[in-house]
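Coordinate inspection notes
As a plain string of letters, each chain reads:
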Amino acid sequence: MKKLVFSLGTGCLLLFGLFSCKNSNLDLDETLKFSKLSVEEQKSKIEDNGVDFINAVDGIQETAAFTAMMNFTANTGGASYVAPFKQLTKDIQNHNESRLLVNFDKQLRAASVESNFWGEYEWDASEERFIQTGELTNKAIYKFPATENSTTNNGELTVTYTESSVSIPDEEDNYPSKITCVIKVSGDKVLESEFSGSYYDNGSPKNLKMTLDIDSYSWKAEIKNNEKDASESYEFKKGSKTLMKIEASAKGNLSADVIEKAEYVDDFLSKGAVYFQVMDVAVLGGMKDVEGFVNEMNDVDNDSKTGEQDEVDIINKYMICYGYYVDDNRKFADVEFYLKEYQDEYYAYNYESGEYELYAETYYVMAPRFVLSDGSKVAVEEYIQSGFEDLVELINGYQEEYNQ
């Protein structure tokens, strides 16, 4: 089945790492004052925020749902019916919270088109495999031991699938309108997930919504597009506490046909903004004049350092971007881009001398940096590497545990 496009600003997540934003209105006109904390106090606050986040999400691996999924996927090889749950447990272990729900949804929809997915199955301990006990249409029920010491099939996984009336281009299937997934242990519901979708006739989404609930943890993702205004949102919570929130919005002529035929981004996009929030730390970024930005960028000759610097200057002119604390609603830094110089040395064969000789090359790469409250400027990479030892140690510890 064709995978639905669901982009949540992964490139920006890689760029800013832990930093993200809160402003649900994506207000690029709001002016925030700088925090009165010193630079070192700001670093300490951001580090504490990251440590608190990791500690908050650590409890997912202690839930009955996680244990049940680990047992469901054990010793089952590469069968399609276990792929979504292998992906989900892997993302939980690897603290991939920003992509967890989207990855699970994609794997579940991919498994749904396999002919051997639907039906009723029970785990046979003597044969160490699932045995089909009944035939079902667009519904799957798997009964299995939910814990390592279970002597009965006290776990039950149920998936239901409903098609929409909109066909997938060049394929025989229709897009799904609803997919539900429930896991029960000894009759108690420990995991619940739902996908729902509506589409234009050409298959582009009008509204997509995905949810996942595991114990007190919940994920929710949504896409809306009326072809003039489009938005994407992703929220991860523990109880009523928001742990991570990602939102993006765009305005313009956003029909699939216009976007497909567009030569430049301003042919369909007039304004856009994106933000990320991890607990109390946030980054907001966007542009209010995409057309002006594209026009100036098209006039730049970027075959030289001067041209590359011109591009950076234009980006900084049109881009609005800053990091701030959600609860205090105060900035800890503005964000701008600059050209970072790199020097490489390499050996190459000189046909005139008949020998390999050492050559040096200088090149420049655009990189982000923070402009702090005292006016000083520091590369994002350097800022994060200095003063975040406890957070880095905690992350490395989880990574080592996961790789064992």
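Throughout what follows, the structure given in this document is the object of discussion. One numbering rule holds for all chains: residues counted from 1, following each sequence as written. In view of the model being predicted, local features appear only for residues whose pLDDT reaches at least 70, and side-chain atom pairs are presented and counted only at 80 or more, with totals across whole chains, interfaces and linings using the full set of residues. Just so you know, side-chain values use all the structure's heavy atoms and leave hydrogens and water out.

**Observations concerning the overall build of the chain**
Only DSSP runs of H or I reaching four residues or more are called helices, and only runs of E reaching two or more are called strands; each is numbered from the N terminus. Of the regular secondary structure elements, the chain holds 10 helices and 16 strands. Relative to all contacts within the chain whose residues are 6 or more apart in sequence, the contacts with residues 24 or more apart total 52%. Summing over all exposed atoms, the chain offers an accessible surface of approximately 21,000 Å²; the carbon and sulfur share of this is 43%. Residue contacts are defined here by distance: any two heavy atoms, one from each residue, within 4.5 Å place the two residues in contact. Residue exposure ignores everything except the shown protein chains as possible cover, and the areas themselves are Shrake-Rupley values with a 1.4 Å probe.

**Some points on the environment of Glu156**
Within the secondary structure, Glu156 is located in strand S4 (residues 155–167). You can call Glu156 partly exposed: its relative accessible area is 28%. Between the alpha carbons of Glu156 and Pro145 there is a distance of 8.6 Å; along the sequence they are 11 residues apart. When near neighbours in sequence (up to four residues on either side) are disregarded, Glu156 contacts Ile141, Tyr142, Lys143, Phe144, Val182, Ile183 and Lys184. Only protein chains enter the accessibility calculation, which uses a 1.4 Å probe. A residue is then buried if its area is under 20% of the maximum for its type, exposed if over 50%, and partly exposed in between.

**What about the pairing of strand S7 (residues 205–214)?**
In terms of strand pairing, strand S6 (residues 188–199) meets S7 through 9 bridges, oriented antiparallel. The residue bridging Glu192 from the neighbouring strand is Asp213, located in S7. Only strands joined by at least two bridges in the DSSP assignment are considered to pair. Hairpin geometry of S6 and S7 is characterised by an intervening segment of 5 residues between the two adjacent antiparallel strands and by a positive phi of about 95° at Gly203. Looking at chain direction, S7 and strand S8 (residues 217–225) are connected through 8 bridges and run antiparallel. Residue pairing in the sheet places Leu212 in a bridge with Trp219 of S8. Turn length for the S7-S8 hairpin, with the two strands adjacent in sequence and antiparallel, is 2 residues, and the turn residue Asp215 shows positive phi of about 55°.

**A few points about the pairing of strand S3 (residues 139–144)**
If a strand is regular, its side chains alternate between the two faces of the sheet. One ladder, built from 4 bridges, connects strand S1 (residues 119–124) with S3; its direction is parallel. Across the sheet, Glu122 pairs through a bridge with Lys143, a residue of S3. Of the strand pairs in this sheet, S3 and S4 are connected by 6 bridges, and their pairing is antiparallel. Bridge pairing in S4 links Ile141 to Thr158.

**Side note on the side chain of Thr73**
Looking at the element boundaries, Thr73 is found in helix H3 (residues 64–73). Excluding anything up to four places from it in sequence, Thr73 contacts Val82, Phe85 and Lys86.

**Examining unusual backbone geometry**
Look at Asn138: it is not a glycine, yet its phi comes out positive at around 55°. On the basis of relative accessible area, Asn138 is assigned to the partly exposed category, the value being 30%.

**Let's talk about the packing of helix H4 (residues 83–93) against helix H5 (residues 100–111)**
In the contact formed by H4 and H5, the axes pass within 8 Å of each other and the chain directions differ by 170°. Taken as axis vectors, H4 and H5 run roughly antiparallel relative to one another. Between H4, through Ala83, Pro84, Phe85, Gln87, Leu88, Asp91 and Ile92, and H5, the contact on the second element is made entirely by Leu100, Asn103, Phe104, Gln107, Leu108 and Ala111. Residue classes in the contact of H4 with H5 are distributed as 9 nonpolar, 3 polar and 1 charged. Only C-alpha atoms enter the line fits that serve as axes; for helices the fit covers just the stretch in contact. Angles between N-to-C directions range over 0 to 180 degrees. These descriptions rest on fixed angle ranges, namely under 35 degrees for roughly parallel, over 145 for roughly antiparallel, 65 to 115 for roughly perpendicular, and the rest for oblique. Three categories are distinguished: nonpolar for Ala, Val, Leu, Ile, Met, Phe, Trp, Tyr, Cys and Pro, charged for Asp, Glu, Lys and Arg, and polar for the others, with Gly belonging to the last.

**So, a negative patch on the surface**
Note that patches include only residues with greater than 30% relative accessible area and no salt bridge, and the join distances are 9 Å for like charges and 5 Å for nonpolar side chains (Val, Leu, Ile, Met, Phe, Trp, Tyr). By convention in these notes, a salt bridge is any Lys or Arg side-chain nitrogen within 4 Å of a carboxyl oxygen on Asp or Glu. We count Lys and Arg on the positive side and Asp and Glu on the negative side, and we leave His and both chain ends out. We put the charge of a Lys on NZ, of an Arg on CZ, of an Asp on CG and of a Glu on CD. Taken together, the side chains of Glu163, Asp170, Glu171, Glu172 and Asp173 present a region of like negative charge at the surface. For Asp170, the location among the structural elements is in the loop between S4 and strand S5 (174–185).

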